[in-house]
Amino acid sequence: MQIGKKRNRMTMDVSSNEIITIENVSKAYSTGAPALNGITLHIDRGEFVFIVGDSGSGKSTLIKLLLRELTPTEGNIRVMGYDLNRIRHGKIPKFRRNLGIVFQDFRLLKDRNVYENVAFAQRIVETPTREMKKNVPSILSTVGLAGKYKAKPKQLSGGEQQRVALARALVNKPSILLADEPTGNLDPKNSWEIMKLLEQINEAGTTVIVVTHNREIVNAMQKRVVTMKKGVIVSDEEKGGYIDEED
Ligand code: ADP
Ligand code: MG
């Protein structure tokens, strides 16, 4: 019995280095055409993946499915060995500790300073104060904000605010970082700085998935590029570029 059980787990958890497995996944909202229509995608531990595609092609829906904010209408998703169709409600917070997330609009706590915005993430997971006092300054220096602990979000530039959000996403040392259009509100210089940080974070071992419209950066960085169109994956290139629309 023991052996059979172990085998089962092996197939479940995927014996390789795979950290995300999306199989034949569709998602229909209550209105309109399905947002995702039978997508399959495998991502290995340590990969850096861009997800590109027109507005409305289903990119954010995919991110929400990975966060288990949504569940698929059809198909299966496994993230770090968790079967997201079967995970119990009570286990979702523990599952989410494996994920860091950054959005286009930063989503910082406006009345808290930089330090507190990052410390907040550590408090949620009940990090001992002594550790927190090491972790927060350490991640703030990684993102280049060592001198800004006391600033409130509105005293910071967009690029700085996004770095705070990035520090908050990373302070609990997630295995996977998801970024949904992280440079959508930034100028080219700050966009590059954020992308370079994401690359650095990836090189240190975190699996990074970045939804973006930034054609120049995607073409320059030579990473894996998954292109979506109307809810399906239309290409998946190892060292890809941004595919031009030919409508
Ligand atoms: P993208 O991030 O690529 O712009 P989305 O995943 O946000 O695409 O949206 C994909 C499709 O699903 C769009 O047609 C969008 O209008 C629709 N959609 C997204 N969220 C909802 C929702 N909560 N209810 C109904 N339709 C939605
Ligand atoms: Mg979106």
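Residues numbered from 1 in each chain as written. Chains lettered and ligands numbered in written order. Predicted model: local features only at pLDDT ≥ 70, side-chain atom pairs only at ≥ 80, totals over all residues. Heavy atoms only, no water.

S.K.: What's the story with the packing of aromatic side chains in this structure? I'm lost.
M.R.: The way to describe two aromatic rings as a pair is by their centre distance and the angle between their planes. In this structure the tally under the stated criterion is three aromatic pairs. Here phenylalanine 48 and phenylalanine 50 contribute two aromatic rings whose centre-to-centre distance is 5.1 Å and whose plane-to-plane angle is 70°, an arrangement assigned as edge-to-face. Overall, the relative accessible area of 6% leaves phenylalanine 48 in the buried class. Arranged with centres 5.1 Å apart and planes meeting at 65°, the rings of tyrosine 82 and phenylalanine 95 form a pair that is edge-to-face. Of this pair, tyrosine 82 sits in strand E5 (residues 82–83) while phenylalanine 95 sits in helix H3 (residues 92–96), and the two are 13 residues apart along the sequence. With relative accessibility at 19%, the residue tyrosine 82 sits in the buried group. Judged by its relative accessible area of 0%, phenylalanine 95 is buried. Lysine 27 extends its terminal NZ or CZ atom over the ring of tyrosine 29, reaching a point 5.9 Å from the ring centre. Stacked on the ring of phenylalanine 48, the Lys or Arg lysine 223 has its end atom at 5.2 Å from the ring centre. (Phe/Tyr/Trp six-rings, centres within 6.5 Å; stacked < 30°, edge-to-face > 60°. Buried < 20%, exposed > 50% of the residue type's maximum accessible area, 1.4 Å probe, protein only. Helix = DSSP H or I, 4+ residues; strand = E, 2+ residues; numbered from the N terminus. Lys NZ or Arg CZ within 6 Å of the ring centre and 35° of its normal.)

S.K.: What should I look at first to understand the domain arrangement of the chain in this one?
M.R.: Put simply, an interface is often sized by how much accessible area is lost when its parts join up. Along its sequence, the chain is organised into domain 1 (1–98 + 174–247) and domain 2 (109–172). A straight line from the C-alpha centre of domain 1 to that of domain 2 covers 25 Å. Buried area between domain 1 and domain 2, both sides added, is near 1000 Å², and the carbon and sulfur share of it is 69%. The three residues of domain 1 that bury the most area against domain 2 are Arg97, Pro174 and Leu197, which together make up 40% of that side's buried surface. Salt-bridge contacts for glutamate 193 lead to arginine 163; the nearest nitrogen and oxygen are separated by 2.6 Å. Counting residues per element, the side of domain 1 that touches domain 2 draws most heavily on helix H7 (residues 188–203), at seven residues. Here the side of domain 1 that touches domain 2 is composed, by residue class, of eight nonpolar, two polar and two charged. (Domains from an automatic or database assignment. Buried area = accessible area lost by both parts, 1.4 Å probe. Salt bridge = Lys/Arg side-chain N within 4 Å of Asp/Glu carboxyl O. Nonpolar A, V, L, I, M, F, W, Y, C, P; charged D, E, K, R; others polar.)

S.K.: How should I be thinking about the environment of glycine 46 in this particular structure?
M.R.: As for its position among the elements, glycine 46 is in the loop between strand E2 (36–44) and strand E3 (48–53). For glycine 46 and alanine 204, which are 158 residues apart along the polypeptide, the C-alpha to C-alpha distance reads 8.7 Å.

S.K.: I would appreciate a short explanation of the site of ligand 1 in the present structure.
M.R.: Near ligand 1 the following residues occur: Tyr29, Thr31, Ala35, Asp54, Ser55, Gly56, Ser57, Gly58, Lys59, Ser60 and Thr61. Glycine 58 is positioned such that a nitrogen or oxygen atom in its backbone is 3.0 Å from an oxygen atom of ligand 1. Serine 60 is positioned with one of its backbone polar atoms (N or O) 2.9 Å from an oxygen atom of ligand 1. In terms of residue class, the shell around ligand 1 is made up of two nonpolar, seven polar and two charged. (Near = heavy atom within 4 Å. Polar contact = N/O pair within 3.5 Å; in protein donor to acceptor, adjacent residues only side chain to side chain.)

S.K.: Can you walk me through the packing of helix H4 (residues 114–124) against helix H5 (residues 129–142) in this structure?
M.R.: The description of two packed helices rests on the angle between their axes and on the distance between the axes. Two elements in contact, H4 and H5, have axes separated by 10 Å at closest approach and are oriented at 125°. Relative to H5, H4 is oriented oblique. For the pair H4 and H5, the sense of crossing is right-handed. Here Val114, Tyr115, Val118, Ala119, Gln122 and Arg123 of H4 lie close against H5, whose contacting residues are Glu131, Met132, Lys133, Asn135, Val136, Pro137, Ile139 and Leu140. When the residues that make up the contact of H4 with H5 are grouped by side-chain class, the tally is nine nonpolar, two polar and three charged. (Axes fitted to C-alpha atoms, helices over the stretch in contact; angles between N-to-C directions. Parallel < 35°, antiparallel > 145°, perpendicular 65-115°, else oblique. Left-handed = near helix turned anticlockwise from the far one by under 90°. Contact = heavy atoms within 4.5 Å.)

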